[in-house]
Amino acid sequence: MLGNVCAEDFLPLLGKVCYFQTEQLAPVAMRVDAVTMRPKTKLPSYLNIKRLPFMVELSSATASNLADATGTLALPTEEPDAYKQLHSVWIGRVASLGRDPSLAYFQLLFS
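The structure reproduced in this document is the subject of the present report.

What counts and how
- Residues numbered from 1 in each chain as written.
- Predicted model: local features only at pLDDT ≥ 70, side-chain atom pairs only at ≥ 80, totals over all residues.
- Heavy atoms only, no water.
- 1 Å grid on protein atoms, 1.4 Å probe; cavity = no way out; pocket = protein on both sides within 12 Å on 5 of 7 lines; lining within 4 Å.
- Points joined across faces, edges and corners; volume = space filled by probe spheres on them.
- Helix = DSSP H or I, 4+ residues; strand = E, 2+ residues; numbered from the N terminus.
- Core = buried A, V, L, I, M, F, W, Y, C linked by side-chain atoms within 4.5 Å.
- Buried < 20%, exposed > 50% of the residue type's maximum accessible area, 1.4 Å probe, protein only.
- Contact = heavy atoms within 4.5 Å.
- Pairing = 2+ DSSP bridges.
- Polar contact = N/O pair within 3.5 Å; in protein donor to acceptor, adjacent residues only side chain to side chain.
- Salt bridge = Lys/Arg side-chain N within 4 Å of Asp/Glu carboxyl O.

### Comments concerning the layout of surface pockets
Then step 1. In this structure, the largest pocket occupies an estimated 210 Å³ of space.
Then step 2. Lining the largest pocket are E8, D9, P12, L13, K16, L75, P76, T77, E78 and K84.
Then step 3. For the lining of the largest pocket, the elements supplying multiple residues, two or more each, are α1 (7-10) and β4 (69-76).

This is the structure:
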């Protein structure tokens, strides 16, 4: 399923909350802050991957103890209280670098 995910799937979610969960943690609310295309990191054409690489930036007020992790990301859908599940998603924690230090910042990379 992750191979079919593209940047356009995340663009309508800007500013919305998704939930990240690992086996060890309860779901953590994360806001989708940005979606950035990364064309310079495209894999060689002989791999037949059509999608352009992209990065999703996330922030959370409640994830102070979460670092790099693999888990399930639940994305909101058009239907109220319904979520699309992305399994085996890796997120990486990044430094706040001048942003609000009370939040935890993460990135989700797709190549």
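Read on for the rest.
### Re the nonpolar core
Then step 1. Grouped together as the largest cluster of nonpolar side chains are 25 residues, with contacts concentrated most on F10, M30, L73 and I91.
Then step 2. Elements supplying a minimum of two residues to this core: α1, β1 (17-21), β2 (28-37), β3 (54-60), β4, β5 (83-94) and β6 (104-110).
Then step 3. Discounting chain neighbours no more than four positions away, the residues touching F10 are V5, V32, V35, F54, V56, L73, L75, L86, L108 and F110.

### Describing the pairing of β3
Then step 1. Burial within β3 is extensive, with 6 of its 7 residues counted as buried.
Then step 2. Of the pairings in the sheet, the one linking β3 to β6 comprises 7 bridges and is antiparallel in character. For S59, the partnering residue across the bridge sits in β6 and is Y105.

### As for the side chain of S60
Then step 1. Within the secondary structure, S60 sits in strand β3.
Then step 2. Accessibility expressed as a relative area gives 2% for S60, which makes it buried.
Then step 3. Polar side-chain contacts of S60 include one of 3.1 Å to the backbone nitrogen of T62.
Then step 4. A polar contact of 3.3 Å, which involves the side chain of S60, links it to the backbone nitrogen of A63.

### Description of the side chain of S59
Then step 1. Counting through the fold element by element, S59 comes out in strand β3.
Then step 2. Side chain to side chain, S59 and D33 meet in a polar contact 2.7 Å long.
Then step 3. The contacts of S59, once residues within four sequence positions are left out, are A29, M30, R31, D33, L103, A104 and Y105.

### Quick word on the pattern of salt bridges
Then step 1. The full count for this structure, using the stated rule, is 2 salt bridges.
Then step 2. The salt bridge involving R31 is made with D33; its shortest N-O contact spans 2.6 Å.
Then step 3. R31 gets classed as partly exposed once you look at its relative accessible area, which sits at 36%.
Then step 4. Judged by its relative accessible area of 31%, D33 falls in the partly exposed class.

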